[in-house]
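Next come the chains, spelled out residue by residue.
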Amino acid sequence: MAESSIQHADVETSGYPLQSLIQNTVKATHALFHGAPTVRSTAATDSTCTKLKIASKYRDGYLSSRILPRAIDQPHIPTTGALVAAQTSLETPLTHNLITAGDEPIKTFKAATSVEDEVQRVLDGLSGKQLKAKGKKAKVPTRELVLQAAERGAQYAINQLPPPGQQIVRKRVYEPVRPEWHAPWKLMRVISGHIGWVRSLAVEPGNKWFASGSVDRTIKIWDLASGTLKLTLTGHISPVRGLAVSSRHPYLFSCGEDKQVKCWDLETNKVVRQYHGHLSGVYSLALHPVLDVLVTGGRDSVARVWDMRTKKQVHVLAGHKSTISSVECQEADPQVISSSMDWTVRLWDLAAGKSMNTLTHHKKSVRALALHPTEFGFASGGADTIKQWRCPKGDFVQNFDGHNAIVNTLSANSDGVLFSGGDNGSMRFWDWKSGHCFQETDTVVQPGSLDSEAGIFCSTFDRTGFRLITGEADKTIKIWKEDEDATEESHPIDFRPSLTRRRH
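Residues numbered from 1 in each chain as written. Predicted model: local features only at pLDDT ≥ 70, side-chain atom pairs only at ≥ 80, totals over all residues. Heavy atoms only, no water.

**Regarding the overall build of the protein chain**
At step 1: On a plain count of helices and strands, the protein chain comes out with nine helices and 28 strands.
At step 2: Looking at the protein chain as a whole, 42% of its 504 residues are labelled buried.
At step 3: Look at the contacts in the protein chain between residues 6 or more apart in sequence, and 48% of them connect residues 24 or more apart.
At step 4: Here the protein chain displays about 28,300 Å² of accessible surface, and carbon together with sulfur accounts for 53% of that area. (Helix = DSSP H or I, 4+ residues; strand = E, 2+ residues; numbered from the N terminus. Buried < 20%, exposed > 50% of the residue type's maximum accessible area, 1.4 Å probe, protein only. Contact = heavy atoms within 4.5 Å. Areas by Shrake-Rupley, 256 points an atom, 1.4 Å probe, with all protein chains shown as cover.)

**Thoughts on the side chain of His372**
At step 1: Looking at where His372 falls in the secondary structure, it is placed in the loop between β18 (366-371) and β19 (377-382).
At step 2: Among the polar contacts made by the side chain of His372, one reaches the main-chain amide nitrogen of Glu375 at a distance of 2.9 Å.
At step 3: In this structure, His372 is in contact with Gly377, Phe378, Ala412, Asn413, Gly416 and Trp432, ignoring residues within four places of it in sequence. (Polar contact = N/O pair within 3.5 Å; in protein donor to acceptor, adjacent residues only side chain to side chain.)

**A closer look at the pairing of strand β5 (residues 229-234)**
At step 1: Judged from the five bridges that link them, strand β4 (residues 218-223) and β5 form a sheet pairing that is antiparallel. Among the inter-strand pairings, Ile219 is bridged to a residue of β5, identified as Leu233.
At step 2: Joining the antiparallel neighbours β4 and β5 is a turn of five residues, in which Gly227 adopts a positive phi near 80°. (Pairing = 2+ DSSP bridges.)

**Quick notes on a nonpolar patch on the surface**
At step 1: A cluster of nonpolar side chains, namely Leu18, Leu21, Ile22 and Val26, defines an oily patch on the protein surface of about 340 Å² accessible area.
At step 2: Tracing the chain through its elements places Ile22 in helix α2 (residues 18-33).
At step 3: Among the residues examined, Ile22 registers a relative accessible area of 42% and is labelled partly exposed. (Patch = residues over 30% accessible without salt bridge, like charges linked within 9 Å, V, L, I, M, F, W, Y side chains within 5 Å. Salt bridge = Lys/Arg side-chain N within 4 Å of Asp/Glu carboxyl O.)

**A short note on the sheet that holds strand β3 (residues 209-214)**
Each strand in a sheet pairs with its neighbour through backbone hydrogen bonds, running either in the same direction (parallel) or in the opposite one (antiparallel).
At step 1: Read from one edge to the other, the open sheet built from four strands follows the order β2-β3-β4-β5, with strand pairing classed as antiparallel. Strand pairing shows two members of the sheet lacking a second neighbour, β2 (198-203) and β5, which therefore form its edges. When the angles between neighbouring strand axes are averaged without regard to direction, this sheet yields 20°.
At step 2: Pairing geometry for β2 and β3, over five bridges, is antiparallel. Pairing of Val203 across the sheet is with Phe210, part of β3. (Axes fitted to C-alpha atoms, helices over the stretch in contact; angles between N-to-C directions.)

Written as structure tokens, this is what we have:
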């Protein structure tokens, strides 16, 4: 008794009476266990908790897949910003937006029912195709909504223009260009005199005579009307590869494989100027129609622009990777055009001395160029095909398909006739506008020559365009003319357009 009284005294002296501790413990126990029957007896509270539990799971797991995007649900097609907003709203979690406080209604899209109705369907065990009878419309299946939205989108796309950069342009129906009728060409005269291949030709502006350069290192002047030899110029020590007659000066220019470019005075028949600078053979030569400049190109892969009077280099047009086979000059830009064995054609800005454009359409070496006398365009040919281009940018126009040979030379006249000569002696005559080959023939070799000598190296039309002059491997010069007896009835156009052929 003494010990218990001592312990009781210690508890009371600590400031916490034993009776008060017991009462606190009883209250806590009563609050923990005594309230349970009261909660279980409230059926409304139990139903609300169950609904909240199922609604929470429904929102987290199923609601994001049941709500349709605004782009599908609404009848109009939204803009790009609206599509991004709809996609963003679909991708973000919807639990935070769908849980509302109190009895506020849950806001969803038109195609989706409220969360309370979905929860009630789960509680009542109804099927997914039935809704609780509350006077609401039946939910349209998602597949049907998607199909309806696709139909509305297609109808909108028909009535509205697509955004810039995504417009689909319907190709216009291709209508082939009908070729013009041209009389066939026939051999008029054969001129012999050279003892080597004829590699270059040039007609003088007055159309009275023409010059020819050969592998025999000579330049011969011929009368165009009769074909008789008038003069022979000697001075080159290698084959003469290029000739040009000035229309404003009494000069004849020549170039050869001896790296030399010579200016001949036709009044004295002597060399008055020489242009030094090429590092290898010079294969082509052209005169500017207006300026006193001369353009040459050769094996050193550069085209050199010379001042005709001072003999100085104005520009060195560098850019080709291989031998320059042909150069041409014209008044308007591009004033200089060059073709090369590197499969390219380059258009040059003469003022700046730089390349304006590089045409890379050819798949093999480009050996020949031909300017049209009246149209602002040119043609290029090589071992693969013949192509037509439009100046000044070098836009591709069309292909001349059908000459299955290495094309060494091209020439065009003002009547719209393009001639191509092959390394095997084949000749093709084309209509410039349509690209139709209206005549296929082969050259006639000189008696006693081999079949391998049936090659055409150079060609040119005279100033009228009625005579074609060719220089060939059988050491002869041939002059061709149109057949005067041919008519459209005797030689009709055999034009068969192909679906694969296009004019750009």
